[in-house]
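Read off the chains here:
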Amino acid sequence: MNYDSLSLNEGNGSAVKKVGLVLIVGGRGETGRTILKYLASTYPELDIAVAGRTPPEESGRCRFIRMDLDGAVSPETFREFSLVIVACGPMEKLLPSVLELCIEAGTDVIDINDSAATAVKVLGLHEKARAKGVRIYSGMGMSPGISSLMLREVSEGGLSEKGVYRTRICMGTAYGGGPSSPYAMLDNLVNDIPVYRDGKVEVVRNPWNDENSGFRFFGKKKSLTTVPYSTPEIYSLSSERYRSGRACVNTYDIRCTMEGFPVYLARMIALINRKGRFSDVLASVFYKSGLRCRNSPKADPDNQIVVYPDDCPEKGIVLFGDVSSYDLTAAMAVSVADCVISGRLNEEPGVYMVELLSAESAAAVKEALRKRNFFWKSVQEVKSRKFDEWGWLERDASRVETLRHFGENWYTVKIHPRMSSVQTDILYSSELWRKIRSSCSFFGTCLFAARVLFRWKKFGYKLRTYVNRGKEYGALVRDLSMFAAGYSLAGEKLGKAEALRLYRQMFMTSGSSEMCWFLPRPETFASFRDGGKGILIYFKAMMERNQQCGFLKLGSRTDTDGNGGKITVFEIRSCIYAEIFTELGYPELADFIREEEKNELARIAADSGLSYEFRLLGEGNADILFYGV
C-alpha cells in the first residue's frame, strides 16, 4: 500500500534560499551516502552533485564527478559550487588539500573532520579563508560537532566552578563502517596524547586506565572502561579566538569505548604502531572486523554521548539511541547545511569549529538538529523516565515511512540484543516472582521452574501445526506457549484470579518496555506537522503487517460524525493470540495484546493532538476510532 508522505515540522525546507549547486565529496562512503539521503529528502529542489573515485551504484538525480584527491585536482572543479560538504577520509591525508582548493575557488565548506592533528592545519587557514571571503565550518560531525554543542550547553551553564568538563562516548558495532573510519581511531591509540588542560594543549602519557576511565552508560549493567582520545576541540578551545568569557572550559577530558574493543588491545596497538607505519594494515583489519561484527545478533546498535561537569554525571546531558555514529555525523553536517541554506549562520568569512561560532549560530544549528529529531536530555530527566533506557533518537525522521520499524511487527524485526536481559530483569523484579518465591522454598522454586519448562514444551508440541504457517510463527508459538505454561502453574499455586492479576501486570510492564524500543517516541510524532496523521499511518502499517503474517484481520473504513467530521475506523478481528490462548484453555489471556496496544497508543499520542477512541471488544478484537484524520 502507498502511504501518504509526511514531512518534518516546518523549518528545514520552508525558508530555502538559492544556494545553487551543492557538492558532497566522498558521497559513496557511509557518512556521505547518509548526508546525500538527508539532503535529497529535505530539499527535492536542491541541485546536488557527488564526487569520488567511482560512481555510486544509484546516482538518482545527482550528478557524479570523478575525483581522485590523491591526484591532481584543480580549484576550477569546485568553482561552480556554492557549498561543498567534505565527507571523505582519511581526513589527515585529504582534508587540508580540499580546503585549500575550495578557498581558491571561493566556495564555502562544511567538513566532518575528527582528526586533532588535521584541526591544527584547518584552523591555520582562517586568515586565508577570510581574505578570499570563504566560510569553512569544520568538525561538524558526531565528535567533534554534536558533542561540541553539548559541551557548549553544559559549560555555558557554568556548572563547574573550575571549568572541568568530561565527555564519555559509547559506540555500538551493529553498523560496520567505511574503509577510512578506522584511521581516526588509530590516530588516538598512542602512548603520548595531546590533551586540553588548564587552558592549554599539552602532550601527556596516555593514562589508558585510571580513576576516570570507568563509566556507567544508560542501559548497561556495569561500568565500562573508556579510552582517552585527542579531539579537535582541544585546539579550538585553546585558540585565541575562543571567547572563554562566554563559557569557561579550562580542562576537557573526552573518552570513548567501543563494544568488543578492550583496553589491553588498544595498548598493544599503540605499542606496535608507534610511528604509524602499520596504520594502513590495521585500518584494513578493523574495517573487515567491523563488517563481520555488524552481522552478529549480539552487535550493539546503540550510540550514546554523555557530557557533564567535574565528576558529576548527574548534572550532565545525554544523547542516546539506536543510531550509528554515521547517522549522527551526517545529521550534524546536514543541520549546518540547513542553516547555510536558510541563511541562519551569521559568521564572517573564516574557519569555524563549534566553539568558535557565535551564540546565535550555535543556537541555530542546535535547533536544526532538533527539527531532524536529534536532541539530548538531562541525565536527571532520563533517570526519572522509566523506559528511556532504550534511547529516543531516530536515524531518519524526515517522513513517517522512514521511522524505526515502519511496516514491521514484533516478529519481523531484529530484536535488540539487550531485550532478553531486560525481560529477565522485569520478571525477577515483578510482584509475581516475589509471590512465587515467598510461597516456595528454594527447592520448591526450582521445582516450579522445572515444571514451567516441562509444560512449555508440552504446550509447544500441542501448537506444532501453527509453526508450519510461516517463519514468524516459530517465535510466536514459543512466546505464547511459555507465557501460558507459567500462567497455568501460577494459577495452580496462587489461584486463578491472583495469577491473572499478576500476569497482566507483568505483561503490561514488559510490553511497555519492549514497545518503547519498537515504536518511535512521542517526541518524534510530535515533531511532525500533523503528528496525529503520522500515528495513524504508522499504526495502520504495523497492523497491516500483522495481517500479512496471519496474526489478525484488519478492516478499515471512513465514517462521519454527527457534525460531518471525518472518522477513520480500524476493525481488528481474528486475533492469533486469542486463538492460541483459547486452544490452550486460557481464553482470559486473549485481550492482553490489545490492552498493551491501547496503552502504547495513549503514550505515543500524548503530545500529538490526536483524538481517538480505543474500544476493547473481547476475544482479542477491538475497534479504534480516529477522529479528524
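Up top is the structure.
Residues numbered from 1 in each chain as written. Predicted model: local features only at pLDDT ≥ 70, side-chain atom pairs only at ≥ 80, totals over all residues. Heavy atoms only, no water.

S.K.: Could you give an account of the overall build of the protein, with specific residues and numbers?
M.R.: Looking only at helices and strands, one finds 23 helices and 21 strands in the protein. For 629 residues, the compact-globule estimate of 2.2 N^0.38 gives 25 Å, and the C-alpha radius of gyration of the protein, at 27 Å, lies within 12% of that figure. Across its three principal axes, the protein shows a C-alpha extent of roughly 80 × 65 × 45 Å. Out of the 629 residues in the protein, the part that is buried amounts to 55%. (Helix = DSSP H or I, 4+ residues; strand = E, 2+ residues; numbered from the N terminus. Rg over C-alpha atoms; globule rule 2.2 N^0.38 Å. Buried < 20%, exposed > 50% of the residue type's maximum accessible area, 1.4 Å probe, protein only.)

S.K.: I'd like a rundown of the environment of Val227, residues and numbers included.
M.R.: Within the secondary structure layout, Val227 lies in strand E12 (residues 227-228). For Val227, a relative accessible area of 11% translates into the label buried. Sequence separation between Val227 and Gly532 is 305 residues; the distance between their C-alpha atoms is 44 Å. What Val227 contacts, discounting residues up to four positions off in sequence, is Trp208, Ile254, Arg255, Cys256 and Val263. (Contact = heavy atoms within 4.5 Å.)

S.K.: Before we move on, could you go through the pattern of salt bridges and cite the residues and values that matter?
M.R.: Under the criterion given, the structure shown has 44 salt bridges. With its nearest N and O atoms 3.1 Å apart, the salt bridge here joins Asp322 to Arg395. Taken together, the residues Asp322 in the loop between strand E15 (317-321) and helix H11 (325-341) and Arg395 in the loop between helix H13 (379-384) and helix H14 (419-428) connect sequence positions 73 residues apart. By relative accessible area, Asp322 is classed as buried at 14%. (Salt bridge = Lys/Arg side-chain N within 4 Å of Asp/Glu carboxyl O.)

S.K.: An account of unusual backbone geometry is needed here, citing residue identities and associated values.
M.R.: Each neighbour pair has its own omega, and for Ser143 with Pro144 the value is 5°, a cis peptide bond. Secondary-structure assignment places Pro144 in the loop between strand E6 (135-137) and helix H6 (146-156). A positive phi is found at Trp208, a non-glycine position, where the angle reads about 55°. Here Trp208 shows up in the loop between strand E9 (200-205) and strand E10 (214-215). Exposure remark for Trp208: the relative accessible area of 2% places this residue in the buried category. Positioned with a positive phi, Glu619 is a non-glycine residue whose angle comes to about 60°. Inspection of the secondary structure puts Glu619 in the loop between strand E20 (611-618) and strand E21 (621-627). On the basis of relative accessibility, which here comes to 65%, the residue Glu619 falls in the exposed class.

S.K.: Account for a nonpolar patch on the surface, with residues named and values stated.
M.R.: Taken together, the side chains of Tyr264, Met268, Leu271, Ile272, Phe278, Val281 and Val285 present a nonpolar region at the surface, about 710 Å² in accessible area. Elements with a contribution of two residues or more to the nonpolar patch: helix H9 (263-272) and helix H10 (279-293). Here the nonpolar patch takes four residues from H9, the largest share from any one element. In this fold, Phe278 is placed in the loop between H9 and H10. (Patch = residues over 30% accessible without salt bridge, like charges linked within 9 Å, V, L, I, M, F, W, Y side chains within 5 Å. Areas by Shrake-Rupley, 256 points an atom, 1.4 Å probe, with all protein chains shown as cover.)

S.K.: Tell me about the sheet that holds E21, and name the residues and values.
M.R.: Think of a sheet as strands paired side by side through backbone hydrogen bonds, with each pair either parallel or antiparallel. Spatially, E18-E19-E21-E20 is the arrangement adopted by the four strands of the open sheet, whose pairing is antiparallel. With partners counted over all chains shown, the strands left at the sheet margins are strand E18 (553-560) and E20, one partner each. Adjacent strand axes in the sheet meet at a mean angle of 15° when their direction is disregarded. In this sheet, strand E19 (residues 566-573) lies alongside E18 in antiparallel orientation, the contact comprising eight bridges. In the sheet register, Thr560 faces E19, and the bridge partner there is Lys566. (Pairing = 2+ DSSP bridges. Axes fitted to C-alpha atoms, helices over the stretch in contact; angles between N-to-C directions.)

S.K.: Which residues make up helix H3 (residues 91-105), and what values go with them?
M.R.: The end-to-end C-alpha separation of H3 is 20 Å, in line with the 21 Å expected for 15 residues at 1.5 Å each. For H3, the complete set of buried residues consists of Met91, Leu94, Leu95, Pro96, Val98, Leu99, Leu101, Cys102, Ile103 and Ala105. Among the structural elements, helix H2 (76-79), strand E4 (81-86), strand E5 (108-111), helix H4 (116-123), helix H5 (126-132) and E6 are those in contact with the buried residues of H3. (Expected span 1.5 Å × (residues − 1).)

S.K.: So, the packing of aromatic side chains: which residues are in play, and what are the values?
M.R.: Overall, the coordinates contain 23 aromatic pairs when judged by the stated rule. Seen in terms of ring centroids, Phe459 and Tyr586 are 6.2 Å apart; in terms of plane orientation they differ by 55°. Their pairing is tilted. Within this pair, whereas Phe459 is found in helix H16 (residues 442-462), its partner Tyr586 is found in the loop between helix H22 (576-584) and helix H23 (592-604), the two being separated by 127 residues in sequence. When its relative accessible area of 8% is taken as the criterion, Phe459 is described as buried. Between Phe507 and Phe592, the aromatic rings sit 5.5 Å apart at their centres with planes inclined by 45°, giving tilted as the arrangement. (Phe/Tyr/Trp six-rings, centres within 6.5 Å; stacked < 30°, edge-to-face > 60°.)

S.K.: Describe in detail the sheet that holds E4, supporting the description with residues and values.
M.R.: Taken in spatial order, the seven strands of this open sheet run E3-E2-E1-E4-E5-E6-E16, and their pairing is parallel. Looking along the sheet, the strands with just one partner apiece sit at the ends: strand E3 (63-66) and strand E16 (350-352). The sheet shows a mean angle of 20° between the axes of neighbouring strands, direction not considered. Two elements, strand E1 (residues 21-25) and E4, share five bridges in a ladder whose sense is parallel. Paired with Val22 across the bridge in E4 is Leu83. In this fold H11 packs onto E4, E5 and E6, with an angle of close to 155° to the strand it touches most, E5.

S.K.: Let's hear about the side chain of Lys220: which residues, and what values?
M.R.: Residue position: Lys220 is located in the loop between E10 and strand E11 (224-225). Those residues in contact with Lys220 that lie beyond four places of it in its chain are Cys170 and Asp300.

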